[in-house]
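# Descriptive analysis of the structure
Each chain is listed here by its residues.
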Amino acid sequence: MKKLFLSITFLLLAVCTIQAAQKKLILKSPDGTLSIESALNEKGLLVYEVKKNSQTVIQPSQMGIKGDVDFSSALKIKSVSKAKSQTETYNAPGEKRANRTFTANFAQIKLQNSAKKQLIVEFKATNEGVAFRYITKSKTPIAIKSEQTTFKLATSTRAWLHPHADAETGWCETQPSYEEQYIYDIPVGTVAPLKAGWSFPALFKTDANWVLITEAGLTPDYVGTRLAQQSPNGEYAIGFPQKGEMVKDTDPNYVVSSNVTSPWRVIVVGSLATIVESQMVSDLALPADKKVDYSWVKTGVSSWSWAVLGDNATVYPVQKQFIDYAADMKWDYCLIDADWDWKIGYDKIKELADYAKTKNVGVILWYNSSGEWNSTKYSPKGALVEREARRKEFQRIHEMGIVGIKVDFWPGDGQSSMQLYYDLLKDAADAHLLVNFHGTTVPRGWSRTFPNLVAMESIRGFEFTTFDQKDTDLAPKHLTMMPYARNVVGPMDFTPVCFGEIRGKQRRTSNAFEIALTVVLQSGVQHYVEVPESMAKQPDFVKSYMQTIPRKWDDVKLLDGFPGKYTVMARKSGDKWYIGGINSQLENQKVTLDLSALNTNSKSATMITDGDTNRSFIQQQVTINNNKLVVEMKSNGGFVVVL
């Protein structure tokens, strides 16, 4: 009888353990080092926690969405699925790895609110990080007006953050366009200087790990979000778009959908190398439509007159010169910027496209996306807002021989704005047009969903160094920040590489710093701002290097660096590794690079670095001993090495 009693007791304990387990989700990464746990707390609120090597990284934080239907409190867990594993492979030419394979574990919790409406929370874990998103379905559209998601970090954490601009502010009311200066190494919980809060991605340093928080897989079923202005005790909340971030003034600045699917809330955790090398944002995005042919997409390098020469250069003779320049440099494209429609005209643009084709150069044209949402005057303006007009325009320029478009001045992160992004990308793909977004939201993996999306700005780019000496002075530090934040989440059209002078400004970066940006920064199409006259003055070995820069990358490794101080990056193309280093510090930076992760047997290599002045180059042989390469970067200087 005693044995029977004990057996029944053990059986009841086992049943209780199973039931308890069904009320809590614990999902681990494939290598077992990362985990995300989620359950209801004593108040009936859904919470989660993230751990790395059993140490808490994200402290218990809130989850849920709220609107017409409340999924933020009084919830019940109906089921917790078993974890499953999946390996995916995809091609995204504009990404840091054009061909990508990754493995993720995934599971979900099904919940029910007090009105017996169902919410699904999906979770994924890779060796780089964890992510979750919300899904709810309704027979009729419902409104989601806020999100309860928070990210609570230890109060000892430090932060590197990008202030989010308030809507309809700045030049011609074009904000937010993700073009502010980062704020470096501040205490967690610092109040954002602007009421809109902080932009994604957000970088943090805990006692043991680096953490990058962002979002991925955004579709027109939701809005683009950010981190709110206030983060008491290091707990950051989600902020929705502001009034004015929509295509039309009558559009709501919240979610209205019968099939609500939020973007993935992405938390990358590990070393700085884990952050920089992560491709979670595109991994979590929707796959490309298999019925659409993207085989024509070609990444590459482009000449561009506007950055250094300005508006007056958008004339026929100058653009023909820049086509010749691209051909001489063995580059793929020439971008013709704003006001081409009346300064050159469609007929003459076709002449240029025909001429460029004889030189094996493709022509990309600039467009102003704007409808009602700002007061910009640059043209063509408004041609891409309505679908019928947009498709007609795309077909016209495709027949003229145009291969791509740059679309500027977007309205913000509202749901109707997301719909316009998607519609434009689809229509551009139908017309076989590459797409580069400027004045835009931050990447969320769309270069996987639409492989014709080869570049996005969403960065305080080179143009700002031509506007204000303050930005010129900050450029070295700004550029040593980008590999750890903005460029982590997708292709970044900073428009780098200037060896000449900037009119009316004193450029602080050395020429070797500038040439290193060909490796340090990544974009599916790199628009180099260097002009023919200045390129002609450079040594032959510099021109030769610039002629042979890879058009896409196979892998990336962070070799050394620290946000806002210095960066040494290695990128692989074919059987070659390209190493680029930049230093923004006042003193020289000497580093010993461990090249063992590159799996190269090279014993020596050729380095291009700074010469006697910051406007000169030298080329020299360097020795690699036991996979170690010692380099010294001058203040605001840099180098490139090809293995």
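Residues numbered from 1 in each chain as written. Predicted model: local features only at pLDDT ≥ 70, side-chain atom pairs only at ≥ 80, totals over all residues. Heavy atoms only, no water.

## Focus: the nonpolar core
Formally: Throughout this description, the term nonpolar core refers to a set of buried Ala, Val, Leu, Ile, Met, Phe, Trp, Tyr and Cys residues connected via side-chain atoms within 4.5 Å. A simple rule labels every residue: compare its accessible area, found with a 1.4 Å probe on the protein chains alone, to the largest value its type can have, and call it buried under 20%, exposed over 50%, or partly exposed in between. Segments assigned H or I by DSSP are reported as helices when at least four residues long, segments assigned E as strands when at least two residues long, and all are numbered from the N terminus. Note on contacts: a residue pair is in contact if any heavy atoms of the two residues lie within 4.5 Å.
Among the nonpolar cores identified, the biggest contains 173 residues, and Phe204, Ile397, Phe437 and Met546 are the most heavily contacted of them. The element that contributes the greatest number of residues to this core is helix 9 (residues 415-430), accounting for 8 residues. Non-local contacts of phenylalanine 204, meaning those with residues more than four positions away in its chain, are made with Leu153, Thr157, Arg158, Ala159, Leu161, Val188, Asn209, Trp210, Val211, Ile213, Leu227 and Tyr236. Counting residues in hydrophobic clusters, the runner-up holds 20 residues, among them Leu593, Met607, Met633 and Phe639.

## So, the confidence of the model for the protein chain
Condition: As a per-residue measure, pLDDT reflects the predictor's confidence and takes values from 0 up to 100.
The predicted model of the protein chain averages 95 in pLDDT, with 97% of residues at 70 or higher. For the stretch residues 1-21, pLDDT sits under 50, and the model shows 0 contacts to residues farther than four places along the chain or on other chains.

## Considering the pairing of strand 9 (residues 99-112)
Which entries qualify depends on this criterion: Only strands that DSSP links by at least two bridges are regarded as paired with each other.
Pairing geometry for strand 7 (residues 76-80) and strand 9, over 4 bridges, is antiparallel. Within the sheet, the bridge partner assigned to serine 79 lies in strand 9 and is lysine 110. Pairing analysis gives 8 bridges linking strand 8 (residues 84-91) to strand 9, with the strands arranged antiparallel. What sits directly across from glutamine 86, in strand 9, is alanine 104.

## Re the side chain of threonine 449
So the rule is basically this: For the purposes of these results, a polar contact is taken to be a pair of N or O atoms within 3.5 Å, where, inside protein, one atom must be able to donate a hydrogen and its partner to accept one; residues adjacent in sequence count only when each atom of the pair is a side-chain atom.
Position of threonine 449 among the secondary structure elements: in helix 10 (residues 446-449). Polar side-chain contacts of threonine 449 include one of 2.7 Å to the backbone oxygen of leucine 286.

## With respect to the sheet that holds strand 24 (residues 404-408)
Keep this limit in mind: The axes are straight lines fitted to the C-alpha atoms, using for helices just the contacting stretch, and the angles between their N-to-C directions are given from 0 to 180°.
In spatial order, the strands read 26-25-24-23-22-21-27; together these 7 strands make up an open sheet with parallel pairing. Two strands bound the open sheet, and with one partner strand each, they are strand 26 (453-456) and strand 27 (525-528). The mean inter-strand angle of the sheet, taken between neighbouring strand axes irrespective of direction, is 25°. Across 3 bridges, the pairing between strand 25 (residues 434-437) and strand 26 is parallel. Bridge pairing in strand 26 links valine 435 to leucine 453.

## Here's the deal with the packing of aromatic side chains
Test applied: Pairing of aromatic rings covers Phe, Tyr and Trp, the last counted by its six-membered ring, and requires centre-to-centre distances within 6.5 Å; plane angles under 30 degrees mean stacked, over 60 mean edge-to-face, and any other angle means tilted. A ring is considered to have a charge above it if a Lys NZ or an Arg CZ atom is located within 6 Å of its centre and within 35 degrees of its normal.
The full count for this structure, using the stated rule, is 29 aromatic pairs. Measuring from centroid to centroid gives 5.9 Å for tyrosine 222 and phenylalanine 240, while their planes differ by 80°, and the two rings are edge-to-face. Here the residue tyrosine 222 occupies a position in the loop between strand 16 (210-216) and strand 17 (226-227), and phenylalanine 240 occupies one in the loop between strand 18 (235-239) and strand 19 (255-261), the gap between them amounting to 18 residues. A residue is classified by how much of its surface remains accessible, and tyrosine 222, at 0% relative accessible area, is buried. Measuring from ring centre to ring centre gives 4.0 Å for tryptophan 410 and tyrosine 421, while their planes differ by 15°; the resulting arrangement is stacked. Here tyrosine 421 lies in helix 9 and tryptophan 410 lies in the loop between strand 24 and helix 9, a separation of 11 residues in the sequence. Neither tryptophan 410 nor tyrosine 421 differs from the other in exposure class; each is buried. Here the aromatic cluster, defined as three or more aromatic residues joined through ring pairs, consists of Trp410, Tyr421, Tyr422, Phe437, Trp446 and Phe450. Looking at arginine 448, its charged tip hangs above the ring of tyrosine 90, at a distance of 4.0 Å from the centre.

## What about a negative patch on the surface?
Here is the rule: Patch construction takes residues with relative accessible area above 30% that form no salt bridge. Like charges are linked within 9 Å, and nonpolar side chains (Val, Leu, Ile, Met, Phe, Trp, Tyr) are linked within 5 Å. Per-residue and other accessible areas were derived by the Shrake-Rupley procedure at a 1.4 Å probe size, with only the shown protein chains allowed to occlude residues. Whenever Lys or Arg places a side-chain nitrogen within 4 Å of a carboxyl oxygen from Asp or Glu, that contact is recorded as a salt bridge. The positive count covers Lys and Arg only, the negative count covers Asp and Glu only, and His and the chain ends enter neither. Positions of charges follow a simple convention, taking NZ of Lys, CZ of Arg, CG of Asp or CD of Glu.
A cluster of acidic side chains, namely Glu168, Glu173, Asp249 and Glu372, defines a negative patch on the protein surface. One can find glutamate 173 in the loop between strand 13 (158-163) and strand 14 (183-187).

## What to know about the environment of isoleucine 336
As for its placement among the helices and strands, isoleucine 336 is situated in strand 22 (residues 333-336). On a C-alpha basis, the gap between isoleucine 336 and aspartate 612 in space is 36 Å, while along the polypeptide they are 276 residues apart. Excluding residues within four positions of it along the chain, isoleucine 336 makes contact with Thr314, Gln319, Ile344, Ile349, Leu352, Val363, Ile364, Leu365 and Trp366.

## Describing the sheet that holds strand 28 (residues 555-562)
Reading across the sheet, the 6 strands line up as 28-29-30-35-32-33 and stay open at both edges, with antiparallel pairing between neighbours. The sheet is open, and its two borders are formed by strand 28 and strand 33 (617-623), each paired with just one other strand. The average angle at which neighbouring strand axes cross in this sheet is 20°, direction not considered. Sheet topology note: the strand 29 (residues 566-573)/strand 30 (residues 576-583) ladder contains 8 bridges and is antiparallel. Within the sheet, the bridge partner assigned to alanine 570 lies in strand 30 and is isoleucine 579. Relative to strand 33, helix 15 (residues 540-547) is tilted by about 75°, and along the sheet it contacts strand 30, strand 32 (604-610), strand 33 and strand 35 (638-642).

## A short note on the pattern of salt bridges
In the structure shown here, the tally under the stated rule is 27 salt bridges. The salt bridge partner of aspartate 283 is arginine 100, with a shortest N-O separation of 2.8 Å. Here aspartate 283 is found in helix 3 (residues 280-283), whereas its partner arginine 100 is found in strand 9, with 183 residues between them in sequence. In terms of burial, aspartate 283 and arginine 100 fall into one category: buried. Across the pair arginine 391 and aspartate 427 runs a salt bridge whose closest N-O atoms are separated by 2.7 Å. Linking arginine 391 in helix 8 (residues 387-400) with aspartate 427 in helix 9, this pair joins segments that are 36 residues apart in sequence. The class for aspartate 427 is buried, based on a relative accessible area of 4%. A single salt-bridge network, built from bridges that share partners, covers Arg387, Arg390, Arg391, Asp427 and Asp430.

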